[in-house]
Structures are given as C-alpha cells and as structure tokens.
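# Coordinates in review
One-letter residues, chain by chain:
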Amino acid sequence: MEGIFKIYGWNINAYKQLHQGLINSTYLVTTTTGEYILQNINHHIFKDPHAIDFNINAIGNHLHIHAPGYLFTHLEKTVDGRTLVAWESKYFRAFKKINGYAFSLLENDNQAFEAAKQFGKFTQILGDLDMRSLKITLPDFHNLSLRYHQFSEAIINGNSKRILTSKDAISYLQANHWIVNKYEQYIKHPDVKLRVTHHDTKISNVLFKNEEGLEKAICVIDLDTVMPGYFISDIGDMCRTYLCKVTEEEKDLNLVQIETERWGQLKNGYLSQMQNSLSNFELDHFIFGGQFMIYMQALRFLTDYLNNDIYYITKYDSQNYHRAMNQIELLKKYNESIV
Ligand code: GN1
Ligand code: MG
C-alpha cells in the first residue's frame, strides 16, 4: 500500500482494513494530516470507476455552489490533483474521514426517522441538479425485470445441486412474480419521476452524531450507486434494513421480526423532506417500495448462490442461500405486519 500512500502524499501513522460492505475493500488510514477512508473500487462490478468519480465530483461541485453547508464526502486529491487513482491494476479513491458513527442495525426508532430524513434530504437537495448529467455507474442496477430474468437463467444453468436444495426458495420467488409486474406498471406511469437516487440506503450508509444527548443523522455515505432512479429503491432499501431486528446475515429465521413502530418513523423522516416532490401515485407506492426491494434482494442473493457466488463476498459455503432465505422470511413478515 506504500505506493498508493505516496500518490496521495500522506505520511502514514497506521492503516487497517475495515470489514464493511459486500463489494469494495475499505481502509482507514491515519496520517500526520488526519484520517482518511481509502477504498479500492471493485471494478469487476463497477466496470467504469471513472463514472463513479465523475458523479461524486459533479455532485460535490453542485453542492459547493448550491448548498455549501451540506456535509458531503468530497473526494480527496492526489499530489497531482486526481480523485481516482489506477494503481497495480486496481482503482482507488479517498475521502477525509467524517467524524461520526454508523450502525449495522438500528437500536431505536428515532434512528429510523433520522436516517430516512437524511436520504430524503439528499434527493431533495439535488432536485435542481440536471440528472441527465450523471453517469450510469451500474446499468440496470435496480431493474427488477432483468433481476428476475437473471434468476430464471440461474435456475436452468446454475449449479444443479444448489438448484435442488433451493427448491422451496425458488418456488416462493416464482410465486411472487406479481411484484415484477407491479414494478413494470409503476415505472411506466406518467406520474412517476426519475430523481437523483442513492440506491444503497442501508443503515450502515448513514453517519450519526450525538449532539448534547440527542442522536442525529448527519450525512449519507457510499455514493457509488448514486444515479437517476426511482424513489421506491431508496425507501425500499430502508424498509429492508431499518425495520428488521436482525441483519440479512442472520440464519435463525425466528429472529427475523419486524419492528412495526419504525415504519412510521421511517416514513415521516423521508416525507419531512420529500412530501412535496412526490406525486400521489408515487406516495401510494410507499409500502410497495419495501416489497420491491426485499424481493429483489432475495432474488439477487439466490441467483448468486445458484451461480456459485460470483458476485457477493462470502465467508462460508451457503452464505448467499442463507441471505436469500433471510430476505424471503423478511418479505413474509413485512407482508404480515406492514402491508
Ligand atoms: C451491496 O457492498 P454494499 O454492502 O455497499 C450491493 C447492494 C446490496 C447490498 C446487500 C453494488 O452493497 O445492492 O443491497 O450489498 N451493492 C452492489 O448487503 O451490488
Ligand atoms: Mg454500497
């Protein structure tokens, strides 16, 4: 790593890898001039790291002018002024570490309100940015029709042993294909708008701070998938990760339970920023957002399992299967308690 530190002109005191996220590798680097978050962008998944770099800079520049007080992970420049570095066939970028903390699970209802408010604010504050100027960092990322198609191919061409043992999960996902139909109707509707969308609104992507005993969300992080999108993506991933008592890694399905009070907090937090921007038709799809995203995540985990774990980082053999089962259970519980 010495080479990359030199490119940034850092004098290093210490560095360590942070084990967060399922895609990129992240390091905390302590230098004589402060702490930085250094990330190696997984370019097998993000085929065009320049697109991410372009978007973060475009948004950063826009905010500099239109909302200078907004807390944002501006990209750090190298000694020669670059914000994206190709080094030893890897791509790196860095941010100044923002003083705050993140959770992998919520501890109280207020955090649902606070986090949802920050994601709502993010889209709201970028409402005047010309969305078409942003690059598509992951084509068809939340295209549910395509995700279903990939799943359909995996149940034919995937690992035959795994297909056999996943039979119940496969049947459940097939039986819920109506979610794909509803998504297709939704995106065609004239009152549905594309907006600057984060696309990864899980709770660990919000930083919190305790201000005189009050816990506040202060900013959103992980902007790799910021691009034009639908609000059901952002609201849906919040439902997926804020309402449940356990994470997607939990194997004991009895523990996959919904905290119903958080639903109202989440909705109020998001709408405190976005109420006036959403059409009635969009507002009527608030709950559908949760079904759409939980279902898509179950499809994606199971597809990856059937394809022998080529996408998500896994630590044990059947991890993607257990993640898919967890999400299926979550969808069932969501349908029972929220819908
Ligand atoms: C991936 O790497 P991470 O945790 O930021 C994935 C998300 C999934 C999430 C599930 C680019 O995000 O879409 O919701 O895992 N990101 C990408 O934990 O595929
Ligand atoms: Mg992410």
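Up top is the structure.
Residues numbered from 1 in each chain as written. Chains lettered and ligands numbered in written order. Predicted model: local features only at pLDDT ≥ 70, side-chain atom pairs only at ≥ 80, totals over all residues. Heavy atoms only, no water.

Applying the stated criterion across every chain yields a total of 20 aromatic pairs. Ring centres of Tyr8 and Trp10 lie 4.5 Å apart, and the angle between their planes is 15 degrees; this geometry places the pair in the stacked category. Each member of the pair Tyr8 and Trp10 is classed as buried. With a centroid separation of 4.6 Å and 20 degrees between ring planes, the pair formed by Trp10 and Tyr36 is classed as stacked. On the criterion of sequence distance, the pair formed by Trp10 in the loop between helix H1 (2-8) and strand S1 (12-18) and Tyr36 in strand S3 (residues 34-41) is long-range, its members being 26 residues apart. Of the aromatic side chains, those joined through ring pairs into one cluster are Phe5, Tyr8, Trp10, Tyr15, Tyr27 and Tyr36. Across the ring face of Phe54, the terminal group of Lys135 is positioned such that the distance to the ring centre comes to 4.3 Å. One cation-aromatic arrangement involves Lys332 over Tyr172; the distance from NZ or CZ to the ring centre is 5.0 Å. (Phe/Tyr/Trp six-rings, centres within 6.5 Å; stacked < 30°, edge-to-face > 60°. Buried < 20%, exposed > 50% of the residue type's maximum accessible area, 1.4 Å probe, protein only. Helix = DSSP H or I, 4+ residues; strand = E, 2+ residues; numbered from the N terminus. Lys NZ or Arg CZ within 6 Å of the ring centre and 35° of its normal.)

Our next topic: the sheet that holds strand S2 (residues 25-31). Taken together, the 5 strands give an open sheet; going across it, the order is S1-S2-S3-S5-S4, and neighbouring strands pair in antiparallel fashion. Two strands in the sheet have a free side with no partner beyond their single neighbour: S1 and strand S4 (85-87). Between one strand axis and the next, the sheet turns by 30 degrees as a mean value, whatever way the strands run. Where S4 lies against strand S5 (residues 90-96), 3 bridges are found, and the strand directions are antiparallel. The residue bridging Trp87 from the neighbouring strand is Lys90, located in S5. (Pairing = 2+ DSSP bridges. Axes fitted to C-alpha atoms, helices over the stretch in contact; angles between N-to-C directions.)

Structurally, the position occupied by Ile23 is in the loop between S1 and S2. Sequence separation between Ile23 and Tyr312 is 289 residues, and the spatial gap between their C-alpha atoms is 6.6 Å. Excluding residues that lie within four positions of it along the chain, Ile23 makes contacts with Asn42, Ile45, Phe46, Tyr311, Tyr312 and Ile313. (Contact = heavy atoms within 4.5 Å.)

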